[in-house]
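Fold and geometry: a report
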Amino acid sequence: MVVTVRPASVFGDVRAVLGPKSPGADVCWCLSHRLPSARNKALRGQARGEYVAGLCRADPPPGVVAREGDEAVGWAAVAPRADTAYARSRTIPHVDDLPVWCLWCIRVRPGHRGKGISHALIAGAVDFARAQGAPVIEAYPLDLPPGGGDRADTTMAYPGIRANFERAGFTRAAATTSVLAGHPRVLMRLDLR
């Protein structure tokens, strides 16, 4: 099956990948790094999905969606860093003053993993950021050792892993003091100019 990646302007696609089974559940919806903490915590239940629906109608939409045929199977959050919590992060450094975009969440639905969808999402996010005029795109993946001996829980691997970003042409730009589920994170960058 062919995987295509497109802007996340169709809420139904985003809901298929990020939405909870129960509409009133307080799941992330990939808002925890997009919103200030107090606003994120204040959005409860169905209001979270409604907020994301509004983001999907915005220009630009909140990221990209991977589709396998007519089914949404993956998601990547990508936006200007200035519009995210990473703009104020104490653990993820700013390398320079460029108006960079960041890619901070990759999700592939169960049953579709191991097919290269995360690679397609990274490439699609890069293309999306470039089309929006981003000079640089950053990511903050887990810095797992080569060889796969140390694995991350799939739930906590949402920022991706360093090797996948290296494969997409990103290079290590800086260390971070961020640790997620016991794994250090690294700042990876790709110049789009």
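Note that this is a predicted model, so its numbers are computed, not measured. (Residues numbered from 1 in each chain as written. Predicted model: local features only at pLDDT ≥ 70, side-chain atom pairs only at ≥ 80, totals over all residues. Heavy atoms only, no water.)

Some remarks on the sheet that holds strand β5 (residues 136–139)
Where we set the bar: For two strands to be treated as a pair, DSSP must find at least two bridges joining them. Helix numbering and strand numbering both begin at the N terminus, where a helix is a DSSP run of H or I of at least 4 residues and a strand a DSSP run of E of at least 2. Orientation is described by axes fitted as lines to C-alpha atoms, over the contacting stretch for helices, and by angles from 0 to 180 degrees between their N-to-C directions.
Reading across from one edge, β1-β2-β3-β4-β5-β7-β6 is the order of the seven strands in this open sheet, with mixed pairing throughout. Sheet topology places β1 (3–7) and β6 (171–180) at the edges, where each strand pairs with a single neighbour. Strand-to-strand twist across the sheet, computed as the mean angle between neighbouring axes with direction ignored, equals 25°. Of the strand pairs in this sheet, strand β2 (residues 63–68) and strand β3 (residues 71–80) are connected by six bridges, and their pairing is antiparallel.

Points about the environment of V5
Stated formally: When accessible area is computed with a 1.4 Å probe and restricted to protein chains, residues below 20% of their type maximum are described as buried, those above 50% as exposed, and intermediate ones as partly exposed. The contact rule is simple, with two residues in contact once any of their heavy atoms fall within 4.5 Å.
Relative to the helices and strands, V5 is located in strand β1. We classify V5 as partly exposed; its relative accessible area is 29%. For the pair V5 and R193, spaced 188 residues apart in the sequence, the C-alpha separation amounts to 22 Å. Other than its neighbours up to four places away in sequence, V5 contacts V64, V65, A66, A120, L121 and G124.

Some words on helix α1 (residues 11–18)
Stated precisely, the cut-off is as follows: Regarding the arc, it is the one traced by the directions from the helix axis to the C-beta atoms.
Listed in full, the buried residues belonging to α1 are D13, V14, V17 and L18. Buried residues along α1 cover an arc of 110° about the axis, so they all sit on one side. The secondary structure elements touched by the buried residues of α1 are β1, α3 (46–57), β2, β3 and β4 (101–108).

Observations concerning the pattern of salt bridges
Operational definition: Just to be clear on terms, a salt bridge is a Lys or Arg side-chain nitrogen sitting within 4 Å of an Asp or Glu carboxyl oxygen.
Under the defined criterion, the tally for this structure stands at twelve salt bridges. Between R44 and D26 there is a salt bridge, and its shortest N-O distance comes to 2.6 Å. With R44 in the loop between α2 (37–42) and α3 and D26 in the loop between α1 and α2, this pair connects stretches of sequence that are 18 residues apart. D26 gets classed as partly exposed once you look at its relative accessible area, which sits at 41%. Two residues, D143 and R162, come together in a salt bridge whose shortest N-O distance is 3.1 Å. Taken together, the positions of D143 in the loop between β5 and α5 (162–167) and R162 in helix α5 put the pair 19 residues apart, joining distant regions of the chain. With relative accessibility at 26%, the residue D143 sits in the partly exposed group. When salt bridges with common partners are traced through the structure, they connect R81, D96, E138 and R189 into a single cluster.

Section: the side chain of R185
Quick reminder of the rule: In summary, the charge assignment counts Lys and Arg as positive and Asp and Glu as negative, without counting His or the chain termini. Whenever two N or O atoms come within 3.5 Å, that pair is a polar contact, provided that in protein one can donate a hydrogen and the other can accept it, and provided that, for residues adjacent in sequence, both atoms are side-chain atoms.
Tracing the sequence through the fold places R185 in strand β7 (residues 183–191). Nearest to the buried, unbridged R185 among oppositely charged side chains is E138, at 10 Å. Here the side chain of R185 touches Y86 through a polar contact of 3.2 Å, side chain to side chain. Excluding its chain neighbours within four sequence positions, the residues that come into contact with R185 are Y86, Y140, P141, L142, D143, Y158, P159, T176, S178 and L180.

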